[in-house]
Amino acid sequence: MIIPKTPEEIELMRESALIVSKTLGMLAGEVKPGVTTLALDALAETFIRDHGAIPGFKGLYDFPNTLCMSPNAQVVHGIPNQKPLEEGDIISIDCGALKNGFYGDHAYTFAVGEIDPATEKLLRITKESLYVGIDAFRKGNRTGDVGYAIQQYTEAHGYGVVRELVGHGLGRKMHEDPEMPNYGRRGQGKQFVEGMVVAIEPMINRGTHRIKQLKDGWTILTADGLPSAHFEHNIALVNGQPQLLSTFSYIYEALGIISDEEKPFIPA
Ligand code: MG
Ligand code: MG
């Protein structure tokens, strides 16, 4: 059952989402060769608590850490460890925060130093597909319309769309209805309702869409060992339109990137 939020609840959710956005912005300046994902995890936990929130993932379904850190061929749900990042790696950082009873949950895939052009393109196309998906999150549409849009956009480049893991509704629980697959058919699935909040999160592989799981019970990685990218935003449906609650602007500020990709989804 989809649980729509009141305008006041949406403002609280924006607050939670922005704590995650700021955490990712802080981390953007720290992602470099030699740093361990466990060190970044500790920084994130302190930052989130300093902002009056608690880490959203830690302890959720018994996940051990604040961040899901998934380098290179890992898709999502990687566990932070002592292995230093290396020049040429990519690292998906997924972060959750809980404040005022509401969750924020979003993710960005960072390049560590210089990366090869094929992987750089994977990151660009995956991030673009997130906005293509958000644009389909509109009154009258259904979950299949968002999935269709993301699938068409990414498969056109020969990429694999992960099937087993999906976006989701968001609120007082990290995972609410509806499921938001990154593949689908137009006009199929659950219909969107005013006030709902979702996490849209394409997980796109450079090669096959197939995945496997490590014996740690968490880490998901590509079956062929090729890299995978993951970008996630939190979006509310307001006046029938998608409205971003999270932002990559803190990341861009840290990295000196100029971008207007979020502009269509931010209220004037
Ligand atoms: Mg997430
Ligand atoms: Mg999510």
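1. A few points about the coordination of the magnesium ion (ligand 1)
Summarising the metal site, the magnesium ion (ligand 1) is bound by the protein donors Asp94 (OD), Asp94 (OD), Asp105 (OD) and Glu232 (OE), whose distances to it range over 2.0 to 2.4 Å. Sequence spacing of the donors to the magnesium ion (ligand 1): D-x10-D-x126-E. In this structure, the magnesium ion (ligand 1) lies 3.1 Å from the magnesium ion (ligand 2), and both are coordinated by aspartate 105. With a gap of 138 residues between them, aspartate 94 in strand β4 (residues 90–99) and glutamate 232 in the loop between β13 (228–230) and β14 (233–238) connect regions that are remote in the sequence. The exposure classification of aspartate 94 matches that of glutamate 232, with both residues buried.

2. Considerations on the coordination of the magnesium ion (ligand 2)
Any two of four tetrahedral donors ideally make an angle of 109.5 degrees at the metal, while pairs among six octahedral donors ideally make 90 or 180 degrees. Each protein donor to the magnesium ion (ligand 2) is listed here as Asp105 (OD), His168 (NE2), Glu201 (OE) and Glu232 (OE); together their distances run 2.1 to 2.2 Å. What makes aspartate 105 buried here is its relative accessible area of 3%.

3. Observations regarding the pairing of strand β5 (residues 102–111)
The buried fraction of β5 amounts to nine of the 10 residues, a majority that puts the element mostly inside the structure. Here 10 bridges tie β4 to β5, and the two strands are oriented antiparallel to one another. Bridging across to β5, cysteine 95 finds its partner in histidine 106. The antiparallel hairpin formed by β4 and β5 contains two residues in its connecting segment, where asparagine 100 sits at a positive phi of about 55°.

4. Quick look at the sheet that holds strand β3 (residues 74–76)
Pairing in this open sheet of three strands is antiparallel, and the strands run β3-β12-β11 from one edge to the other. Two strands lie at the open edges of the sheet, namely β3 and β11 (211–213), each paired on one side alone. Across the sheet, the mean angle separating the axes of adjacent strands is 40° when strand polarity is ignored. Judged from the two bridges that link them, β3 and strand β12 (residues 220–222) form a sheet pairing that is antiparallel. When the sheet's bridge partners are listed, glutamine 74 is paired in β12 with leucine 221.

5. A look at helix α4 (residues 143–155)
Given a rise of 1.5 Å per residue, 13 residues ought to cover 18 Å, and the 18 Å separating the end C-alpha atoms of α4 matches this to within 8%. When α4 is considered as a whole, its buried residues turn out to be Thr143, Gly144, Asp145, Val146, Gly147, Ala149, Ile150, Gln151 and Thr154. The inward-facing, buried residues of α4 abut α3 (117–135), β6 (160–161), β8 (176–180), β9 (197–200) and β10 (203–205).

6. A look at the environment of leucine 237
Position of leucine 237 among the secondary structure elements: in strand β14. The class for leucine 237 is buried, based on a relative accessible area of 1%. Setting aside chain neighbours within four positions, we find leucine 237 in contact with Phe137, Arg138, Lys139, Phe192, Val193, Glu194, Gly195, Met196 and Pro242.

7. Considerations on the side chain of glutamate 201
Within the element layout of this structure, glutamate 201 appears in the loop between β9 and β10. Lysine 5 provides the closest opposite charge to the buried, salt-bridge-free glutamate 201, at an N-O distance of 14 Å. Within the structure, glutamate 201 has its side chain in polar contact with the side chain of histidine 168 (distance 3.1 Å). If we skip the residues at most four places from it in the chain, glutamate 201 touches Asp94, Asp105, Val166, Gly167, His168, Asn182, His230, Phe231 and Glu232.

So, how was this worked out
Residues numbered from 1 in each chain as written. Chains lettered and ligands numbered in written order. Predicted model: local features only at pLDDT ≥ 70, side-chain atom pairs only at ≥ 80, totals over all residues. Heavy atoms only, no water. Donors = N, O, S within 2.8 Å, 3.2 Å for Na, K, Ca; no water. Helix = DSSP H or I, 4+ residues; strand = E, 2+ residues; numbered from the N terminus. Buried < 20%, exposed > 50% of the residue type's maximum accessible area, 1.4 Å probe, protein only. Pairing = 2+ DSSP bridges. Axes fitted to C-alpha atoms, helices over the stretch in contact; angles between N-to-C directions. Expected span 1.5 Å × (residues − 1). Contact = heavy atoms within 4.5 Å. Lys, Arg positive; Asp, Glu negative; His and termini not counted. Salt bridge = Lys/Arg side-chain N within 4 Å of Asp/Glu carboxyl O. Polar contact = N/O pair within 3.5 Å; in protein donor to acceptor, adjacent residues only side chain to side chain.

None of the figures reported here should be taken as evidence of function without further support.
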